[in-house]
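# Coordinate analysis (summary)
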Amino acid sequence: MARPIGEPTRFVELGTGDELKGRWQEVPRLTLDALRVAWLASRRQVVAVLLLQTAAGGAMAMQLLAGQRVLQKLLAIGAGQVAGSALLPAFAVLIVAMIAMGAFTALAEERQRLLGELVAQYAFAQIIGVATRVEMAAFENPDFHDQLERARSSAVTRSVQMVSSIGGVTLNLLTSGGIGVALLVLEPLLLPLVLVSAVPMLLSTVFNSRRAYNFEWAMTPENRERAYLVELLTKREAAKEIRVFEATPFLRSRYEVLTAERLRRMREFLRERRGVALMGAVASTIGMGVALAALAALIASGRIGVATAMAAGAAMQQLSTRLFGMMAGLGQLVESGMFVDDYNSFLRLLPEAGAAEEAKAAPAPGVVDARRGRRATRFNGVSVEGVSFRYPATEAPVLDDVSLRIDPGEVVALVGENGSGKTTLVKLICQLYEPLSGRIAWRGPHGEDVDPQAVRNDMTVVFQDFLHYYLTAAENIAVGRVGREPTMEAVRGAARRAGAHDFLSRLPDGYETRLGRQFADGYDLSIGQWQRLALARAFFRGGSFLVLDEPTASLDPRAESELFQQMRKLWSGRSVLLISHRFSSVRAADRIYVLRDGRVVEGGDHVELMAAGGHYAELFSLQAAAYLDQSTNVQVDVGRKKAPAVGVR
Ligand code: ADP
């Protein structure tokens, strides 16, 4: 059933108990996964952190044993058995141990921060590697966006949590080891008692961590919607329309519904969490009580002396603090491990691991393609043969058995009403999606098939919703072909051809002016100027095949006409695929294909199509009528002549 207007995303229900992700048997794997990411991000820093924490653990043990020595000496001085000066060596060791402990802990923390940053950077690089190479179809899928969001939030927030919990666990483990050794020396019986007392704490924290993870997991779609609404309400691009339409209260209330629901669920979750944490803490405290009672029994039975008992008591108290700290860290580590699991499953969307490097700038046309070991060639026309396609989210085909051909040197136009499938066909020709059936064949000069990568290199496109890069004007053009030497001469040449040079050179810093108002000294352009800049980018890119999807919608008619005349000259000998709703531009094309509901219904040049009196003639006349008065209206004798054959000629 459709969602009523104004109702936000539905909330995913939270699992409980055994339904929670991160089952107990997975805990070691999840912990290791978290460690692995840190290790991959920076072995050096991981080793440094571990060494510093080991040193801190050693200093801790030394501190305890030296403390016991100092106590013994103090008692002996009190009993008049030794002189006060006998205290000095033990006291000096204690001071050194305390200083060492503080210094190593501080250094370990510093390294840990650095490691957190490195892990985040490493994870982001991996995520970008996947997001920029995954099939376009993935972006149609909300689950993909949820996965991406989880991976991204793991990289931003969880990496720091992960590293600090790894740090916390190892520090507490090592210092507990140090204290444990000291306690063994003092009184072996007490060690297992303290260890057992920490078990309830361990169980409750790991259980709560699983719940915390599952809470955030279930909240992801809603978090994304909230983030989207915040963006709408705060971004400059949206501000104009939202204010004029006075849509703020509607959007805000939708945002508030989401935040209120999140808060309600958060409170519920925290209440449950508190109950479990409390049970764990109470059980562990009882355990510690038992251990202290054992210590009292040992003193009463005279098995240990007062100094040893005091040191053992201090060691037990320190050990239990460390162990509890370690359990909290472990809980966080398990939680991070589950997020790392999401991050890993996102990376697995791209099966070839470590392939990110390959995504780097592809070789220029005609350059030897080292990966394939053969020469990439220019192509000589394309034929679309019986292509059908639908988007993952659509039931009905968006393109149905479409066939057409674009020969070298031809300007071919695609026309059709909104939603008829023109842009989708362009996306397929640009290899952004794979046809469901049929094929798109690129032929070389001798009719041979051409390497798809070479095709991509030799093609340029201006999309309807082209990008505004908030970079300098020159960079906006040079980004058209990364890898080509961006000399100012070439950049200016491309701008001149697109009719952008005059206004670009008048900008405060000329081509070096930063565009977009988001950044300091940014300068904004009009939509028509942005469009010319996009055309300049395409000219800078060059290639044998130019695709223009509504390239001049924001240009005035005179500018459009000039541009097309120039385009013919500039692009002569190369192929152009043009989509336009302006029939004045379309009529000059060598061939025109008419799309209707995803099918090619007519094909031919303007004269043929007008004579055929079909859909093209109807659309053309409609547009012409808008410009002419009744007396000069174009008369179309619909159905006078049969439409020419459609498809590959
Ligand atoms: P045109 O360019 O002719 O206006 P499009 O190719 O953009 O048409 O769209 C053709 C059909 O495909 C439309 O019905 C549109 O709703 C649908 N469509 C376009 N893009 C997507 C998408 N990303 N996911 C699902 N359906 C889409």
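All residue numbers here refer to positions counted from 1 along the written sequence of the relevant chain. The model is predicted, so local features are restricted to residues of pLDDT at least 70 and side-chain atom pairs to those at 80 or more, both for listing and for counting; the totals for chains, interfaces and linings are taken over all residues. No hydrogens and no water enter the side-chain calculation; it runs on all heavy atoms of the structure.

### Concerning the pairing of strand β10 (residues 591-596)
Where burial is concerned, most of β10 is hidden: five out of the six residues are buried. Of the strand pairs in this sheet, strand β5 (residues 411-415) and β10 are connected by four bridges, and their pairing is parallel. Residue pairing in the sheet places V412 in a bridge with R591 of β10. Judged from the five bridges that link them, β10 and strand β11 (residues 599-604) form a sheet pairing that is antiparallel. When the sheet's bridge partners are listed, I592 is paired in β11 with G604. Any two strands between which DSSP finds at least two bridges are classified as paired. Secondary structure follows DSSP: runs of H or I at least 4 residues long count as helices, runs of E at least 2 residues long count as strands, and numbering of each begins at the N terminus. Counting the residues that bridge the hairpin from β10 to β11 gives two residues, and of these D597 lies at a positive phi of roughly 45 degrees. Working definition: with a 1.4 Å probe on protein chains only, accessible area under 20% of the residue-type maximum means buried, over 50% means exposed, and in between means partly exposed.

### Here we look at the nonpolar core
The criterion is simple. A nonpolar core is a set of buried Ala, Val, Leu, Ile, Met, Phe, Trp, Tyr and Cys residues joined through side-chain atoms within 4.5 Å. Formed by 51 residues in total, the largest nonpolar core has its most connected members in I477, L504, L548, I592 and Y616. The element that contributes the greatest number of residues to this core is helix α15 (residues 527-541), accounting for eight residues. The residues contacting Y616, other than those within four sequence positions of it, are V415, F583, V586, R587, I592, V594, E602, H606, L609 and M610. In this structure, F389, Y433, L577 and L595 belong to the second largest nonpolar core, which totals 31 residues. Residues count as neighbours in contact if any of their non-hydrogen atoms are within 4.5 Å of one another.

### Considering unusual backbone geometry
Backbone geometry at D401 places phi at a positive 55 degrees, although glycine is not the residue there. Following the sequence through the fold, D401 ends up in strand β4 (residues 399-406). One non-glycine residue, Q431, lies in the positive phi region at around 65 degrees. Among the structural elements, Q431 can be located in the loop between α10 (422-429) and β6 (437-442).

### Observations regarding the site of the ligand
The full set of residues close to the ligand is E140, Y391, T394, V398, E417, N418, G419, S420, G421, K422, T423 and T424. Between the ligand and the protein, one listed contact pairs an oxygen atom with a backbone N or O atom of S420 at 3.1 Å. Note that accessible areas follow from Shrake-Rupley with a 1.4 Å probe, and for residues the cover is restricted to the protein chains shown. Look at the ligand: alone it shows 560 Å² of surface, and the protein chains cover 65% of it. Amino acids are sorted into nonpolar (Ala, Val, Leu, Ile, Met, Phe, Trp, Tyr, Cys and Pro), charged (Asp, Glu, Lys and Arg) and polar (every other residue, Gly among them). Its residues assigned to classes, the shell around the ligand comprises two nonpolar, seven polar and three charged. The cutoff for a nearby residue is simple: one of its non-hydrogen atoms must lie within 4 Å of the molecule or strand. Polar contacts here mean pairs of N or O atoms no more than 3.5 Å apart (in protein, one a potential hydrogen donor and the other a potential acceptor; neighbouring residues in sequence count only if both atoms are side-chain atoms).

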